[in-house]
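So you can see what is in the structure, the chains are spelled out below.
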Amino acid sequence: SASERLRGLRIVVSAGPTYEDIDPVRFIGNRSSGKMGFAVAQSAARLGAQVVLVAGPVSLPTPDGVTRIDVRSAAQMHEAVLAQLPADIYIGAAAVADFAPAQAASNKIKKTAGQDTLNLMLVRTRDILADIASHAQRPRLVVGFAAETDHVEAYARGKLQNKRLDLIAANRVGVSGSGFESDDNTLAVYAADGDSRVLGPAPKTALADDLLELIAARLPA
Ligand code: C5P
């Protein structure tokens, strides 16, 4: 059973959005609520795993029995997640910013009379999931998420391959009853060996249990 296989394992989960500061009062964020990742952390802890949850800025209570590390930016999340290695399993459920301001302004940026445009220079963030999956201390199983508005399967399988993941759980965003703010979701889970499974539609808490079943079944010895 999942609890026999996962008991005592070190599982690191990332969840929530990241906020990339523009200046002391503004940031670039996204619509991730953190619910899916928190549900995964909760369900892994219930199965007896030692769970560390690296959380972006969300307003959710810490699941029972979970060690939580709060971060704000993609760079902070990268550092916090890599500091948790070695681990048995990494589940990257966070919606990490792809680009961040090259440097946050130290003072509030002011508009001036007649100014119609403002240029912000953004630079690529480091890919936490890809770095974990190609790390010398790679966990035995590395699981990603993909939130897509279209071409869900093609994009998800592309990420599975490019980031060297074992599993990717994809969901469609921008439709009602799934995705970021919803309590319910549907996940299409693709494996590196070509297998796939659809989980849901169901509450994120039930999907988290089902996803951990799949993870437990695929954990290499
Ligand atoms: O490439 P994309 O951002 O769509 O892939 C989503 C997956 O990659 C998620 O599991 C997310 O947590 C992870 N990711 C990451 N670091 C980034 C960007 C995405 O870990 N900088």
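Here the structure is shown first, and the text comes after it.
In this text, all values refer to a predicted model and were calculated from it rather than measured experimentally.

A.B. asks: Would you take a moment to explain the sheet that holds strand β5 (residues 66–70) for this structure?
C.D. replies: One key point about sheets: their strands pair by backbone hydrogen bonds, in either a parallel or an antiparallel sense. Across the sheet, eight strands lie side by side as β5-β4-β1-β6-β9-β10-β11-β12; this open sheet has mixed pairing. Since the sheet does not close on itself, it has two edges, and those belong to β5 and β12 (196–203), each with one partner. Ignoring strand direction, the axes of neighbouring strands in this sheet form an average angle of 20 degrees. Summarising the sheet, strand β9 (residues 141–148) and strand β10 (residues 167–172) pair through six bridges and their orientation is parallel.

A.B. asks: Where do I start with the site of the ligand in this structure?
C.D. replies: By nearness alone, 14 residues border the ligand, and Gly92, Ala94, Arg126, Leu129 and Lys159 come closest of all. Arg126 places a main-chain nitrogen or oxygen 2.9 Å from a nitrogen atom of the ligand. In the environment of the ligand, a nitrogen atom lies 3.0 Å from a nitrogen or oxygen atom belonging to the backbone of Ile128. A molecule is said to occupy a pocket when more than half its atoms come within 2 Å of that pocket's grid points, and by this definition the ligand occupies the largest pocket. Elements represented by at least two residues in the shell around the ligand include exactly α4 (128–133) and β9. Here the residues of the shell around the ligand sort into six nonpolar, three polar and five charged.

A.B. asks: I'm lost on unusual backbone geometry in this one. Help?
C.D. replies: When glycine is set aside, most residues are seen to have a negative phi, and most peptide bonds are trans. With an omega of 0 degrees, the peptide bond running from Leu85 to Pro86 counts as cis. A cis geometry characterises the amide bond from Gly200 onward to Pro201, with omega recorded as 10 degrees. Examined against the element boundaries, Pro201 turns out to sit in strand β12. We note that His151 has phi near 45 degrees; this positive angle belongs to a residue other than glycine. Along the chain, the position of His151 falls in the loop between β9 and α5 (152–162). Of note, Arg164 is a non-glycine position whose phi angle comes to about 60 degrees, a positive value. The class of Arg164 is exposed, set by a relative accessible area of 58%.

A.B. asks: I'm lost on the packing of aromatic side chains in this one. Help?
C.D. replies: For the structure shown, the criterion picks out one aromatic pair. Seen in terms of ring centroids, Tyr19 and Phe27 are 3.9 Å apart; in terms of plane orientation they differ by 15 degrees. Their pairing is stacked.

A.B. asks: Looking at this structure, how should I read the environment of Phe38?
C.D. replies: If you trace the backbone, Phe38 turns up in helix α2 (residues 35–46). Here Phe38 falls in the buried class, since its relative accessible area comes to 5%. Sequence separation between Phe38 and Ala208 is 170 residues, and the spatial gap between their C-alpha atoms is 9.0 Å. Ignoring any residue separated from it by four or fewer positions in sequence, one finds Phe38 in contact with Ala15, Leu53, Ala55, Val58, Leu60, Pro61, Pro63 and Arg68.

Analysis parameters
- Every chain's residues receive numbers from 1 upward, in the order its sequence appears when written.
- The predicted origin of the model limits local features to residues at a pLDDT of at least 70 and limits the giving and counting of side-chain atom pairs to 80 or more, whereas totals for whole chains, interfaces and linings rest on all residues.
- Only heavy atoms go into the side-chain values, all of them from the structure, while hydrogens and water stay out.
- In short, DSSP must find at least two bridges between two strands for them to pair.
- Numbering of helices and strands starts at the N terminus; helices are DSSP runs of H or I of at least 4 residues and strands are runs of E of at least 2.
- Fitting a line to C-alpha atoms yields each axis, with helices limited to the stretch in contact; the angle taken between N-to-C directions then spans 0 to 180 degrees.
- Near is defined per residue: the residue qualifies when any heavy atom it owns lies within 4 Å of the molecule or strand.
- Polar contact criterion, stated in full: a pair of N or O atoms within 3.5 Å, where within protein one must be able to donate a hydrogen and the other to accept it, and residues adjacent in sequence count only if both atoms are side-chain atoms.
- Only protein atoms enter the 1 Å grid used here, on which a cavity is any set of points holding a 1.4 Å probe that cannot leave and a pocket is any open set flanked by protein within 12 Å on both sides along at least five of seven lines; residues with an atom within 4 Å of a point are listed as lining.
- To qualify as sitting in a cavity or pocket, a molecule needs more than half of its atoms within 2 Å of the grid points.
- Nonpolar residues are Ala, Val, Leu, Ile, Met, Phe, Trp, Tyr, Cys and Pro. Charged residues are Asp, Glu, Lys and Arg, and all others, Gly as well, are polar.
- A 1.4 Å probe rolled over the protein chains alone gives each residue an accessible area, and that area as a share of the maximum for its type sets the label: buried under 20%, exposed over 50%, partly exposed in between.
- Ring geometry is summarised as follows: Phe, Tyr and Trp rings, the Trp one being its six-membered ring, pair when their centres sit within 6.5 Å, and such pairs are stacked at plane angles under 30 degrees, edge-to-face over 60 and tilted between the two.
- Whether two residues touch is decided by their heavy atoms; if any such pair falls within 4.5 Å, the residues are in contact.

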